[in-house]
Amino acid sequence: MRTKEISKPILIKKPRVNVVTLGCSKNTYDSEILMGQLKGNLFDVVHESDKVGKDDIIVINTCGFIDNAKQESIDTILQYSELKDQGKVGKVIVTGCLSERYKPELEAEITNVDAYFGTNDLQNLLTSIGANYKHELIGERLLTTPSHFAYFKIAEGCNRPCSFCAIPLMRGKHLSTPMEDLVKAAEKLAKSGTKELILIAQDLTYYGLDLYGKRNLDELLRRISDVNGIEWIRLQYAYPSGFPMEVLDVMNERDNICKYMDMPLQHISDNMLRSMRRGITKQKTIDVVNQIRDKVPGIAMRTTLITGYPGETEQDFEEMQRWVEDTKFDRLGCFTYSHEEKTAAHALVDDVPEEVKQARADAIMEIQQEISFEKNQERIGNTYKVLIDKKDGDFFVGRTEYDSPEVDNEVLIDATVDYATVGSFVNVKIDTAEDFDLYGHIVK
Ligand code: SF4
């Protein structure tokens, strides 16, 4: 009797997806969520692989924040769409902030891109490459950072009216992620070996107002701090006005919340703060920084400033210089103003010449370099808990709880003398210090 031929299912090999991330840590998070979904759909997914294949799907997660970032995104799109024309990659898909903000223009000008998606378009993007959005994978990510730390986005969008900022145009209104989902996601990450969570949002301190009718960052911090295995919780992007001081009580209460606060303040002159629609005055800004430092002694404060905003006078700038000298922030970054369409500030005249904007930013960073050097000298002889991020040449490179990845100081340990495992915590005694780096050796 002839047995019926059972036809073997034809396994169609899915193309490889190479995700390229530009811009900020929120984009990194979004790319990781996308990659988690793609993996769940059995796609071979890589992040920023140099090797490209003729069938590869390239997904570029763009940034549309300010001029330089926009240019980098456009250059990256052109680079890959050229490879496509040469038959070296299969498809090019663009998503993220630049695409959200300039979709019609991009579709008209760079026509050999297969599709453009916005910042809140994950399901459509997945469908466009033959994948399905899987609800059961909510919070599942493929980390692109070393697995011992992860950016942890707790909300999307922003309700603030800052005049210079295009982010609300690209990310929409503030939307807090439900606390239960965040706690589950933190538990999953902890189980997979993540030790440090870096809490991010456009405005971290607004968390809960939309969902729970009150600022709820303190409760969220307690819940995440209770997650077994999470040894460091770091706060980035806090907003000064209406800052929920109860957050500092939790910081003092819990050892696994880093004594670290990133609070972009942008400027200090009342003239500028008013025009920037920051909703805070010079005196209130000074007060909130002092209150945070009083409540959490030894806390490291990071801030970000803008130079060259429309109407910024020499006097406004001198006020900023004196304030930076007096306040002695632990960490500081400075951007030059970028005249962004459809922002409130775009109605003003961009009257500060580019070279003056840049000269002012350089002057601020020079002051900060000296401050950072002085502060680092005070750390010599002290011992700190250090998280080892990588081995680089003859050094193990790590961070103290006062340092965020990629933007702050590093601790360098001579690998010819000491040994440490990447992703582990060690105690390091500081021997010498430079502007932005500390050198030390491992102690028991
Ligand atoms: S709080 Fe930040 S993201 Fe929100 S509008 Fe102001 S600068 Fe932009």
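Residues numbered from 1 in each chain as written. Predicted model: local features only at pLDDT ≥ 70, side-chain atom pairs only at ≥ 80, totals over all residues. Heavy atoms only, no water.

1. Some details on the overall build of the chain
Turning to step 1, where the next piece is worked out: Counting secondary structure elements, the chain contains 13 helices and 18 strands.
Turning to step 2, where the next piece is worked out: What you see for the chain is a C-alpha radius of gyration of 23 Å, in line with the 22 Å of a compact globule of 444 residues.
Turning to step 3, where the next piece is worked out: Based on the C-alpha atoms only, the size of the chain along its principal axes is roughly 90 × 60 × 45 Å.
Turning to step 4, where the next piece is worked out: Across the 444 residues in the chain, those meeting the buried criterion constitute 53%.
Turning to step 5, where the next piece is worked out: Considering only intrachain contacts with a sequence separation of at least 6, the fraction spanning at least 24 residues in the chain is 73%.
Turning to step 6, where the next piece is worked out: Taken as a whole, the chain presents about 20,300 Å² of accessible surface, with 51% of it coming from carbon and sulfur. (Helix = DSSP H or I, 4+ residues; strand = E, 2+ residues; numbered from the N terminus. Rg over C-alpha atoms; globule rule 2.2 N^0.38 Å. Buried < 20%, exposed > 50% of the residue type's maximum accessible area, 1.4 Å probe, protein only. Contact = heavy atoms within 4.5 Å. Areas by Shrake-Rupley, 256 points an atom, 1.4 Å probe, with all protein chains shown as cover.)

2. A closer look at the sheet that holds strand β13 (residues 331–336)
Turning to step 1, where the next piece is worked out: Here six strands make up an open sheet; going across it, the order is β6-β9-β10-β11-β12-β13 and the pairing parallel. Whereas interior strands pair on both sides, the edge strands pair on one side only; in this sheet they are β6 (149–153) and β13. Direction aside, neighbouring strands of the sheet carry axes that sit 20° apart on average.
Turning to step 2, where the next piece is worked out: In terms of strand pairing, strand β12 (residues 300–307) meets β13 through six bridges, oriented parallel. Each residue of the ladder has a partner; that of Leu305, found in β13, is Cys334.
Turning to step 3, where the next piece is worked out: Lying over the sheet, helix α6 (residues 179–191) contacts β6 and β9 (196–200), oriented at roughly 170° with respect to β6. (Pairing = 2+ DSSP bridges. Axes fitted to C-alpha atoms, helices over the stretch in contact; angles between N-to-C directions.)

3. Quick look at the side chain of Asn409
Turning to step 1, where the next piece is worked out: In this structure, Asn409 sits in the loop between β15 (395–399) and β16 (410–414).
Turning to step 2, where the next piece is worked out: Asn409 sits in the buried class, given a relative accessible area of 3%.
Turning to step 3, where the next piece is worked out: At 3.1 Å, the side chain of Asn409 and the side chain of Asn376 are in polar contact.
Turning to step 4, where the next piece is worked out: If sequence neighbours within four positions are ignored, Asn409 has contacts with Arg331, Ser372, Asn376, Arg399, Asp403, Asp435 and Phe436. (Polar contact = N/O pair within 3.5 Å; in protein donor to acceptor, adjacent residues only side chain to side chain.)

4. Some thoughts on the nonpolar core
Turning to step 1, where the next piece is worked out: Judged by nonpolar contacts, the single largest core of 54 residues is most densely connected at Phe152, Ile154, Leu199 and Met261.
Turning to step 2, where the next piece is worked out: In terms of residue count, the dominant contributor to this core is α6 (seven residues).
Turning to step 3, where the next piece is worked out: Ignoring any residue separated from it by four or fewer positions in sequence, one finds Ile154 in contact with Leu175, Ser176, Thr177, Leu182, Leu199, Ile200, Ala201, Leu204, Tyr207, Leu217 and Leu220.
Turning to step 4, where the next piece is worked out: The next biggest cluster of nonpolar side chains, apart from the first, holds 20 residues, and it includes Tyr260, Val386, Ala420 and Val426. (Core = buried A, V, L, I, M, F, W, Y, C linked by side-chain atoms within 4.5 Å.)

5. Let's talk about the site of the ligand
Turning to step 1, where the next piece is worked out: In the vicinity of the ligand, the contacting residues are Cys158, Arg160, Cys162, Phe164, Cys165, Ile167, Pro168, Gln202, Tyr239 and Arg278.
Turning to step 2, where the next piece is worked out: When the residues that make up the shell around the ligand are grouped by side-chain class, the tally is seven nonpolar, one polar and two charged. (Near = heavy atom within 4 Å. Nonpolar A, V, L, I, M, F, W, Y, C, P; charged D, E, K, R; others polar.)

6. Let's talk about unusual backbone geometry
Where the residue is not glycine, phi is negative for most of them; where a peptide bond is considered, it is trans in most cases.
Turning to step 1, where the next piece is worked out: If you check the backbone angles, Tyr237 has positive phi at about 70° while not being a glycine.
Turning to step 2, where the next piece is worked out: As for its position among the elements, Tyr237 is in the loop between β10 (232–235) and α9 (246–253).
Turning to step 3, where the next piece is worked out: On the basis of relative accessible area, Tyr237 is assigned to the partly exposed category, the value being 22%.
Turning to step 4, where the next piece is worked out: Residues other than glycine seldom take positive phi values, yet Lys342 does so here, at roughly 65°.

7. Considerations on α6
Turning to step 1, where the next piece is worked out: Given a rise of 1.5 Å per residue, 13 residues ought to cover 18 Å, and the 18 Å separating the end C-alpha atoms of α6 matches this to within 8%.
Turning to step 2, where the next piece is worked out: Among the residues of α6, those classed as buried are Met179, Leu182, Val183, Ala185, Ala186, Leu189 and Ala190. Along the axis of α6, the buried positions cluster into a sector of 160°, meaning they face one direction only. Of the exposed residues in α6, the ones pointing more than 90 degrees away from its buried face are Lys184 and Lys191. (Expected span 1.5 Å × (residues − 1). Arc of directions from axis to C-beta.)

8. Some details on the sheet that holds strand β4 (residues 91–96)
Turning to step 1, where the next piece is worked out: The strand order β2-β1-β3-β4-β5 describes an open sheet built from five strands, whose pairing is parallel. Edge positions in the open sheet fall to β2 (45–47) and β5 (115–116), since each of these has one partner strand only.
Turning to step 2, where the next piece is worked out: Its contacts with the sheet put helix α1 (residues 25–40) on β1 (17–21), β2 and β3 (57–62), and the angle it makes with β1 is roughly 170°.
Turning to step 3, where the next piece is worked out: Across the sheet, helix α3 (residues 97–109) is in contact with β3, β4 and β5; its angle to β4 comes to roughly 125°.

9. What about the pairing of β4?
Turning to step 1, where the next piece is worked out: With five of six residues buried, β4 lies mostly within the body of the structure.
Turning to step 2, where the next piece is worked out: In terms of strand pairing, β3 meets β4 through six bridges, oriented parallel. Its bridge partner being in β4, Thr62 is matched across the sheet by Gly96.
Turning to step 3, where the next piece is worked out: Crossover connection from β3 via helix α2 (residues 67–85) to parallel β4: handedness right-handed.
Turning to step 4, where the next piece is worked out: Note that the unit made of β4, α3 and β5 has a crossover that is right-handed. (Right-handed = clockwise from strand over helix to strand, strands pointing away.)

10. Digging into the environment of Val428
Turning to step 1, where the next piece is worked out: Mapped onto the fold, Val428 is located in strand β17 (residues 425–433).
Turning to step 2, where the next piece is worked out: In this structure the C-alpha to C-alpha distance between Val428 and Tyr439, which are eleven residues apart in sequence, comes to 8.9 Å.
Turning to step 3, where the next piece is worked out: Sequence-distant contacts of Val428, defined by excluding residues within four places in its chain, comprise Asn382, Thr383, Tyr384, Val386, Val411, Ile413, Gly440, His441, Ile442 and Val443.

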